[in-house]
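Tertiary structure, described
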Amino acid sequence: MLKSLLGLLLSKFYSKQESELVAHQSLPSTNSTNLFSNKSVSDWATVATGVAPHDGFLVLNANGDGTSDTASIFVSTPCVHSFIEFPFPSAGCSTWAPIAKGEAWAVQGSNAKKISLDLRKTIGGGYQLLRNLFCKEVCYVA
């Protein structure tokens, strides 16, 4: 019964077009912030740490330094640890991890070079959607 009641309420205030907009908000946008680039690490160590200034996706790119068969690197957030182990010594690889505003991140690795980290914003736009929902609510109540 609760499920059908919620379905009825949502159908009154929430269209399929708005459902598509909500789903689209969590995707990465083309706007990105470079957090660091062109770093290197030889022995296992922390490359960099920081705090996310906005919601988004951390995109880590790196190359093996060509000197060792055991090159690896990872980016960690409170919820996700995304790990790369290079398939051959000079391989280039990329990985990503979602992160929320204010969460800490860290990049660690060994035998890697050309390490860079970008933060891609999520598309967002919830303000306009909420404004439209509340306007519709007022219209239905009246």
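Quick note: structure is the one above.
Read on for an overview of the structure. (Residues numbered from 1 in each chain as written. Predicted model: local features only at pLDDT ≥ 70, side-chain atom pairs only at ≥ 80, totals over all residues. Heavy atoms only, no water.)

What follows is about the overall build of the protein. A count of helices and strands for the protein gives three helices and eight strands. Ordered by position from the N terminus, the helices and strands of the protein form the series α-α-β-β-β-β-β-β-β-β-α. Summarising the internal contacts of the protein: among those between residues at least 6 apart in sequence, 79% fall at separations of at least 24. For the protein, the accessible surface area stands at approximately 8900 Å², while carbon and sulfur atoms represent 59% of it. (Helix = DSSP H or I, 4+ residues; strand = E, 2+ residues; numbered from the N terminus. Contact = heavy atoms within 4.5 Å. Areas by Shrake-Rupley, 256 points an atom, 1.4 Å probe, with all protein chains shown as cover.)

Soluble globular proteins: nonpolar side chains tend toward being buried together. If you look at the biggest cluster of nonpolar residues, it comprises 22 residues, and the most contacted ones within it are Phe36, Ile73, Phe86, Trp105, Val107, Ile115 and Leu117. When contributions to this core are tallied by element, the ones reaching two or more residues are strand S1 (28–41), strand S2 (45–51), strand S3 (56–64), strand S4 (72–76), strand S6 (92–99), strand S7 (104–110) and strand S8 (112–122). Among the elements that line this core, the one with the most residues is S8, at four residues. Residues in contact with Val107, not counting those within four places in the same chain, are Phe36, Ala45, Thr46, Val47, Ala48, Leu60, Ile73, Phe74, Val75, Ile115 and Leu117. (Core = buried A, V, L, I, M, F, W, Y, C linked by side-chain atoms within 4.5 Å. Buried < 20%, exposed > 50% of the residue type's maximum accessible area, 1.4 Å probe, protein only.)

Ordered by their spatial adjacency, four strands build an open sheet running S1-S8-S3-S6, and the pairing between neighbours is antiparallel. With partners counted over all chains shown, the strands left at the sheet margins are S1 and S6, one partner each. Across this sheet, the average inter-strand angle for adjacent strands is 20 degrees, counted without regard to direction. (Pairing = 2+ DSSP bridges. Axes fitted to C-alpha atoms, helices over the stretch in contact; angles between N-to-C directions.)

In total, this model carries four aromatic pairs according to the counting rule given. Considering the side-chain rings of Phe74 and Phe83, the 6.3 Å spacing of their centres and the 35 degrees angle between planes classify their relative orientation as tilted. Each member of the aromatic cluster is reached from another via a ring pair, and the members are Trp44, Phe74 and Phe83. Directly above the ring of Phe36 sits Lys39, whose terminal nitrogen or CZ lies 5.3 Å from the centroid. (Phe/Tyr/Trp six-rings, centres within 6.5 Å; stacked < 30°, edge-to-face > 60°. Lys NZ or Arg CZ within 6 Å of the ring centre and 35° of its normal.)

The subject of this paragraph is the sheet that holds strand S5 (residues 81–85). Taken in spatial order, the four strands of this open sheet run S2-S7-S4-S5, and their pairing is antiparallel. Every interior strand has two partners, whereas the edge strands, S2 and S5, have only one. Adjacent strand axes in the sheet meet at a mean angle of 10 degrees when their direction is disregarded. Pairing of S2 with S7 involves six bridges; the strand directions are antiparallel. Paired with Ala48 across the strands is Val107, a residue of S7.

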